[in-house]
Amino acid sequence: MSSAVSFDMPFVNSSLMSLGHLSCVLLEHHADVVLPCCDYYNPGWEVELGTAEGALEHRRTFARKIDPVVNGICNMEKFEPIKTIKTDTPTVVMLSHIQYVKDIKNAIMATDLIVNKWGFTDYRLHIYGDMERAASHSTECQELIASKGLGDHCVLKGLGNASLVLQDAWVFLNSSISEGLPLAMGEAALTGVPVVCTDVGASYCVVTDRTTGDQFSEVVPPNDCESLARAQINILALLGKWASHAEDAPGVLPPALSYPNPTTEEVKAISQRMYDKKDQRRKLGMMGRENVLKNFSADRYLREHEQMLWIGKYRSPNYRAALRAHNATMGDGPSANNSATWLSGTLGMPEKKGYGVSVTGLPRPLSTPRLTPDRWSSAPSSRASSIWKMKENVPW
């Protein structure tokens, strides 16, 4: 709905956005189970949507039906560890469409600090992504690159094959201001490339062992070009907290990236260290690969979804209402836990003897006493209390 990609009138865009928001509220509120793609950040805004910011039901009541299923990465075999990096100079790769939410400008400003202010002239940033989604924003990024004199150091490459372009990467970069669970970071980690990312959405979960809490990549605040620049240098040269992975000889102290600006001698020493620590940086990247293989497999993702389908069935008010109606009619009928009876078709349905036999449907389930959009405007100010009054006559 952005004006950069939509040619409709502002009124049309606003109406469609409101309709989209209303649809999300209804879908979340009437769902039996809600499965966010990550267990960090997303459940919070899904609670706000499903309860219309607390107007439809209590937030804690709605939160009981949220069960995150963390995204998985399909076709992991496509992303084999890179044997030889094809670039000869320190190269950082981004896989991000050129649009506002990816904050490409922040990455460009970080490049300006690294190259023009600090003097790391060997540094290169290659940005791969669709430049036509937000053409005006792409133009602004190109103008920013030109105004900073970074034409040789920061290049918008357009679309590219991830498994191929990552062969150029010394470090993978994600500078977004908003994310869900960025699988591009996982794909980069699968090739053995260390990652630098902003702390948005569930990015932190991708680069952190969910069991031990060990971190394998640098995470920095969003909208902070200096932190983003320092993080890249720290990973490229294994400085600061990453020096423990550098395998330095006993008694050898790594150079420091002084604040606010490093000296000429420090820049020279750090630049040489980037070339000297290729193997050690590679080992750090492979640790990230093992973490992704363990926590983001497609098999785990599919298995958890299958489990949640069964749980969602038994949470369904329609299923429970039909079961109660059957038990009331048949006496000691099947219990809610007898899934074999339910699937066999004996719950209020005759046994199917042939193709010409009609099957009697289940008893009509009780309707769920939830508010509908046409009643929101007439609801009293204390809407939560009115919902509970509506539920007094419901048998569960």
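Cut-offs and rules
Residues numbered from 1 in each chain as written. Predicted model: local features only at pLDDT ≥ 70, side-chain atom pairs only at ≥ 80, totals over all residues. Heavy atoms only, no water. Axes fitted to C-alpha atoms, helices over the stretch in contact; angles between N-to-C directions. Helix = DSSP H or I, 4+ residues; strand = E, 2+ residues; numbered from the N terminus. Parallel < 35°, antiparallel > 145°, perpendicular 65-115°, else oblique. Contact = heavy atoms within 4.5 Å. Nonpolar A, V, L, I, M, F, W, Y, C, P; charged D, E, K, R; others polar. Pairing = 2+ DSSP bridges. Salt bridge = Lys/Arg side-chain N within 4 Å of Asp/Glu carboxyl O. Buried < 20%, exposed > 50% of the residue type's maximum accessible area, 1.4 Å probe, protein only. Polar contact = N/O pair within 3.5 Å; in protein donor to acceptor, adjacent residues only side chain to side chain. Patch = residues over 30% accessible without salt bridge, like charges linked within 9 Å, V, L, I, M, F, W, Y side chains within 5 Å. Areas by Shrake-Rupley, 256 points an atom, 1.4 Å probe, with all protein chains shown as cover. Phe/Tyr/Trp six-rings, centres within 6.5 Å; stacked < 30°, edge-to-face > 60°. Right-handed = clockwise from strand over helix to strand, strands pointing away. Core = buried A, V, L, I, M, F, W, Y, C linked by side-chain atoms within 4.5 Å.

Let us look at the packing of helix α4 (residues 104–117) against helix α5 (residues 135–147). One can describe the packing of α4 onto α5 by two numbers: an axis separation of 10 Å at closest approach and a directional angle of 5°. In terms of orientation, α4 and α5 fall into the roughly parallel class. Taken together, the residues of α5 that come into contact with α4 (itself represented by Ile-104, Lys-105, Ile-108 and Met-109) are His-137, Glu-140, Cys-141, Leu-144 and Ile-145. When the residues that make up the contact of α4 with α5 are grouped by side-chain class, the tally is six nonpolar, one polar and two charged.

The strand order across the open sheet formed by six strands is β3-β2-β1-β4-β5-β6, and the pairing between neighbours is parallel. Of all the strands in the sheet, the pair left with one neighbour each is β3 (154–158) and β6 (218–220). Neighbouring strand axes in the sheet, compared pairwise and without regard to direction, differ in orientation by 20° on average. In terms of strand pairing, strand β4 (residues 171–174) meets strand β5 (residues 195–198) through three bridges, oriented parallel. Bridge pairing in β5 places Phe-172 opposite Val-195.

What follows deals with the pattern of salt bridges. If you walk through the whole model with that rule in mind, you get twelve salt bridges. Where Asp-130 meets Arg-133, a salt bridge forms, and the shortest distance between an N and an O atom there is 3.9 Å. Residue Arg-133 is classed as partly exposed on the basis of its relative accessible area of 41%. Among the salt bridges present, the one from Glu-218 reaches Lys-241, with a minimum N-O distance of 3.8 Å. Residue Glu-218 is found in strand β6, and its partner Lys-241 is found in the loop between α9 (225–237) and α10 (264–276); the two are separated by 23 residues along the sequence. Taken together, the salt bridges that share partners define one network made up of Asp-248, Arg-273 and Lys-277.

Before going further, it helps to examine helix α7 (residues 183–190). In an α-helix, one full turn covers 3.6 residues, which means residues spaced three or four apart are oriented alike. All of the buried residues in α7 are Met-185, Gly-186, Ala-188, Ala-189 and Leu-190. On its buried face, α7 is in contact with β4, β5, α8 (203–206) and α11 (278–295).

A separate point is the environment of Lys-105. Secondary-structure assignment places Lys-105 in helix α4. Residue classification places Lys-105 among the partly exposed positions, given a relative accessible area of 30%. Lys-105 sits 37 residues away from Gln-142 along the chain, and the two C-alpha atoms are 9.5 Å apart. Non-local contacts of Lys-105, meaning those with residues more than four positions away in its chain, are made with His-137, Glu-140, Cys-141 and Leu-144. Looking at Lys-105, its side chain comes within polar contact range of the side chain of Glu-140, at 2.7 Å.

Looking now at a nonpolar patch on the surface. Taken together, the side chains of Met-9, Phe-11, Val-12, Leu-16 and Leu-19 define a hydrophobic patch exposed on the protein surface, amounting to about 520 Å² of accessible area. On the secondary structure map, Leu-19 appears in helix α1 (residues 10–30).

Next up on the list: the packing of aromatic side chains. Overall, the coordinates contain two aromatic pairs when judged by the stated rule. A ring pair is formed by Trp-170 and Tyr-275, whose centres lie 5.7 Å apart and whose planes are at 90°; its orientation type is edge-to-face. Here Tyr-275 lies in helix α10 and Trp-170 lies in the loop between α6 (162–165) and β4, a separation of 105 residues in the sequence. Overall, the relative accessible area of 2% leaves Trp-170 in the buried class. Classification of Tyr-275 as partly exposed rests on a relative accessible area of 26%. Judged by centre distance (5.3 Å) and plane angle (90°), the ring pair of Tyr-314 and Tyr-319 falls under edge-to-face.

On to the pairing of strand β1 (residues 91–95). Burial analysis of β1 places five of its five residues in the buried class, which makes it a mostly covered element. Burial along β1 is two-sided: the residues Thr-91, Val-93 and Leu-95 and Val-92 and Met-94 are all buried. Bridge count between β1 and strand β2 (residues 124–128): five bridges; the pairing is parallel. Each residue of the ladder has a partner; that of Val-93, found in β2, is His-126. Traced from β1 through α4 to β2, the parallel crossover comes out right-handed. Examined bridge by bridge, β1 and β4 share two bridges and lie parallel to one another.

Another aspect to go through is unusual backbone geometry. The omega torsion across Tyr-259 and Pro-260 is 0°, close enough to zero to call that bond cis. On the secondary structure map, Pro-260 appears in the loop between α9 and α10. The backbone of Glu-53 sits at a positive phi, close to 60°, despite the residue not being glycine. Along the chain, the position of Glu-53 falls in the loop between α2 (42–50) and α3 (59–63). Residue class for Glu-53 comes out exposed when judged on its relative accessible area of 60%. In this structure, Asp-103 takes a positive phi of about 50° despite not being glycine.

Here His-29 shows up in helix α1. Take His-29: its relative accessible area is 3%, and that puts it in the buried class. Polar contacts involving the side chain of His-29 include one to the main-chain carbonyl oxygen of Gly-50, which spans 3.1 Å.

With that out of the way, let us pick up the nonpolar core. Counting residues in each nonpolar core, the largest one holds 43 residues, and the members touching the most others are Phe-120, Leu-125 and Ile-233. Looking at this core, the elements with two or more residues in it are β1, α4, β2, α5, β3, β4, α9 and α10. Ignoring sequence-local partners within four residues, the contact set of Leu-125 consists of Val-92, Met-94, Ala-107, Thr-111, His-153, Cys-154, Val-155 and Leu-173.

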